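Here is what each chain is made of, one letter per residue.
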Amino acid sequence: MSSDHIPIAAPQLGAAERDRVAAVLESGMIADGPEVRGFEREFADYCGADHGVATSNGTTALHAALHALGVGPGDRVLTTPFTFIATANAVAFAGAEVDFVDIDPRTYNIDPDALEARLRAGERVDAVIAVHLYGLPADMTRLAELAEEYDFLLVEDAAQAHGADVEGRRVGSLGDAACFSFYPTKNMTTSEGGMITTTRADVAERAARFVDHGRVSGYEHAEVGHNFRMTSIAAAIGRVQLERLPEFTRARQANAAALTEYLEDSPVTTPYTPPDRTHVFHQYTVACDGIERDALKSYLDAKGIATGVYYPKPVHEQPAYEHLAVSAPVAEEAAERVLSLPVHPGLSEADVERVGTAVANYAEVAR
């Protein structure tokens, strides 16, 4: 990339994607069709899941997955407050009640200990949505154990974690259902799009029906559904991007390793990866300890280095959800301290060096 400006994200699209889209356009089958079915199969296989259901975006994937699992009015769903608001909104769309569990201060994912304490206290939970934030899987081993012991559904919000794994098993195969986003800033893209993966045939069947107007066949509709379908044009892009995903992941991980080396002696806390998990670095997120986060952000902006604050206000403090009585001090503190640095595959070695040395130099002066 190497330019005066280093963006926080840069979709990697090239001739292969253009050629695949051109072939779809030439075929005339540009809506839902065989190209989408092919993408569903290939993405499910990649995740180690039995079924894939493509959708129009990550939010509709979450909504459809919850519906397919039977989550609805009268049900109670717990998730993390440190996530994009779509995670909570999907619960509301399904008609269920959402509440929040605080996060682990090292991983920024839902804290299994905090969840277990509430379960032991007798709190009713029908489902838990575990968000794999920034590309790091949540502690799915513990969460799956709790799901079995306390009999709740476990859903993965894997919108930022394409290809990440827990103990060698890829996300997308670790819960009752998993949901992915293919927004342009994600680890792979379809321009806009989403995917549900599951090992449960009944969930896949119901999700596929729900995203297509509740259609069983032709003009027979078994239930009220939505038009959440993916187009063949989006699927064509996705199939090429899936082929390139291992390459993208290696670049992200290499860039992250280099950034960590540059920041080894700085006062910022670099990302933590537990030994049983693989991080795919949708974001490289540091915590600003002893330095002012917003001052560092302004300093980097002035040097042409884009950064991101994901997320400056936890979901339970958003106007749409602030009526809930939620205690999440760890999430609230993280929201004030974290800053995401460029880590995407479009970075050159010179770009990574520029980012790493800029942060290290500022941090040292500020300290």
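Per chain, the residues get numbers from 1 upward, laid out in the order the sequence is written. Local features in a predicted model are, by the rule used here, given only for residues with pLDDT of at least 70; side-chain atom pairs are given and counted only at 80 or more, and totals for whole chains, interfaces and linings are based on all residues. Side-chain calculation: all heavy atoms of the structure are included, whereas hydrogens and water are not.

Some remarks on the sheet that holds strand β7 (residues 169–170)
Moving on, step 1. Strand order in this open sheet of three strands is β7-β6-β13, and the pairing throughout is antiparallel. Sheet topology places β7 and β13 (277–278) at the edges, where each strand pairs with a single neighbour.
Moving on, step 2. Both strand β6 (residues 165–166) and β13 contribute to a ladder of two bridges, which runs antiparallel. Bridging across to β13, Asp-165 finds its partner in Thr-278. At least two bridges found by DSSP between two strands is the condition for calling them paired. By the criteria applied, helices consist of DSSP H or I runs no shorter than four residues and strands consist of E runs no shorter than two, each listed in order from the N terminus.

Description of the domain arrangement of the protein chain
Moving on, step 1. Entries for the protein chain in the domain assignment read domain 1 (15–240) and domain 2 (245–366).
Moving on, step 2. For domain 1 versus domain 2, the distance between C-alpha centres works out to 25 Å.
Moving on, step 3. On the domain 2 side, the residues contacting the 39 residues of domain 1 number 35 residues.
Moving on, step 4. A 1.4 Å probe defines the accessible area here, and the buried area is the portion of it lost by two parts on being joined, summed over both. Both faces combined, the contact of domain 1 with domain 2 buries some 3,200 Å², and carbon together with sulfur accounts for 62% of it.
Moving on, step 5. Three residues stand out in domain 1 for area buried against domain 2, namely Phe-82, Tyr-134 and Asn-187, and they jointly supply 22% of the buried area on that side.
Moving on, step 6. Here, a salt bridge means any Lys or Arg side-chain nitrogen found within 4 Å of an Asp or Glu carboxyl oxygen. The tally of links from domain 1 across to domain 2 stands at one salt bridge.
Moving on, step 7. Here a polar contact is recorded for every N or O atom pair within 3.5 Å, except that within protein the pair must consist of a potential hydrogen donor and a potential acceptor, and residues adjacent in sequence are included only if both atoms are side-chain atoms. The tally of links between domain 1 and domain 2 comes to 16 residue pairs in polar contact (both at pLDDT 80 or more).
Moving on, step 8. Broken down by secondary-structure element, the contributors of at least two residues to the side of domain 1 that touches domain 2 are α4 (86–93), β3 (97–100) and β6.
Moving on, step 9. Amino acid classes used here: Ala, Val, Leu, Ile, Met, Phe, Trp, Tyr, Cys and Pro are nonpolar; Asp, Glu, Lys and Arg are charged; the rest, including Gly, are polar. For the side of domain 1 that touches domain 2, the per-class residue count stands at 21 nonpolar, ten polar and eight charged. Where a domain begins and ends is set by an automatic assignment or by a domain database. Residue contacts are defined here by distance: any two heavy atoms, one from each residue, within 4.5 Å place the two residues in contact.

Topic: the packing of aromatic side chains
Moving on, step 1. Think of it this way: a Phe, Tyr or Trp ring, Trp meaning its six-membered ring, pairs with another when their centres are within 6.5 Å, and the plane angle makes it stacked under 30 degrees, edge-to-face over 60, tilted otherwise. Under the defined criterion, the tally for this structure stands at 15 aromatic pairs.
Moving on, step 2. Each ring, one from Phe-43 and one from Tyr-46, has its centre 6.4 Å from the other, and the planes form 40 degrees; the classification is tilted. A residue pair is termed a helical-turn pair when its members lie 3 or 4 positions apart in one helix, as Phe-43 and Tyr-46 do in helix α2 (residues 34–47) at three residues. The two residues Phe-43 and Tyr-46 agree in class, both being buried.
Moving on, step 3. Centroid distance Phe-210 to Phe-228: 6.0 Å. Interplanar angle 80 degrees. Geometry classified as edge-to-face. Remark: Phe-228 occurs in the loop between β11 (220–221) and α8 (232–262) and Phe-210 occurs in helix α7 (residues 201–210); sequence separation between them is 18 residues. Comparing Phe-210 with Phe-228, the two get one shared label, buried.
Moving on, step 4. One aromatic cluster is present, built from ring pairs that chain together Phe-82, Phe-84, Tyr-108, Tyr-134, Tyr-310 and Tyr-311.
Moving on, step 5. Positioned over the ring face of Tyr-46 is Arg-170, at 3.8 Å from the centre of the ring. Under the scheme applied here, a residue whose accessible area is under 20% of the maximum for its type counts as buried, over 50% as exposed, and between as partly exposed, the area being computed with a 1.4 Å probe on protein chains only. Here, over-ring charges are defined by two tests on the NZ atom of lysine or the CZ atom of arginine: distance to the ring centre within 6 Å, and angle to the ring normal within 35 degrees.

Regarding the packing of α2 against α8
Moving on, step 1. Here, axes are lines fitted to C-alpha atoms. For helices the fit covers the stretch in contact, and angles between N-to-C directions go from 0 to 180 degrees. One way to put it is that α2 packs onto α8 with a least axis distance of 8 Å and a crossing angle of 30 degrees. Comparing their axes, α8 and α2 come out roughly parallel. In this structure, α2 crosses over α8, and the sense of that crossing is left-handed. Note on element contacts: α8 touches α2 through Ser-232, Ala-235, Ala-236, Gly-238, Arg-239, Leu-242 and Leu-245, opposite Pro-34, Glu-35, Val-36, Gly-38, Phe-39, Glu-42, Phe-43 and Tyr-46.
Moving on, step 2. In terms of residue class, the contact of α2 with α8 is built from nine nonpolar, three polar and three charged. Should an angle fall under 35 degrees it is called roughly parallel, over 145 degrees roughly antiparallel, and 65 to 115 degrees roughly perpendicular, with every other angle called oblique. Here a crossing is taken to be left-handed if its near helix is turned anticlockwise relative to the far helix by less than a right angle, and right-handed if that turn runs clockwise.

Some thoughts on helix α6 (residues 140–150)
Moving on, step 1. All of the buried residues along α6 are Met-140, Leu-143, Leu-146 and Ala-147. For α6, the arc enclosing every buried residue in end-on projection is 125 degrees, short of the 170-degree limit, so these residues lie on one face. Opposite its buried face, α6 presents the exposed residues Glu-148 and Glu-149, each directed more than 90 degrees away.
Moving on, step 2. Where α6 is buried, its residues meet α5 (112–120), β4 (127–131), β5 (153–157) and β6.
Moving on, step 3. Looking one or two places after α6, you find Asp-151, whose phi comes out positive at around 60 degrees. The arc in question is the one spanned by the directions pointing from the helix axis to the C-beta atoms.

Structural notes on the packing of helix α3 (residues 58–68) against α7
Moving on, step 1. The geometry of α3 relative to α7 is characterised by a closest axis approach of 8 Å and an angle of 125 degrees between their N-to-C directions. When the axis of α3 is compared with that of α7, the two are oblique. Two packed elements cross with a definite hand, and for α3 against α7 that hand is right-handed. Counted together, His-63, Ala-64, His-67 and Ala-68 of α3 and Val-203, Arg-206, Ala-207 and Phe-210 of α7 form the full contact between these two elements.

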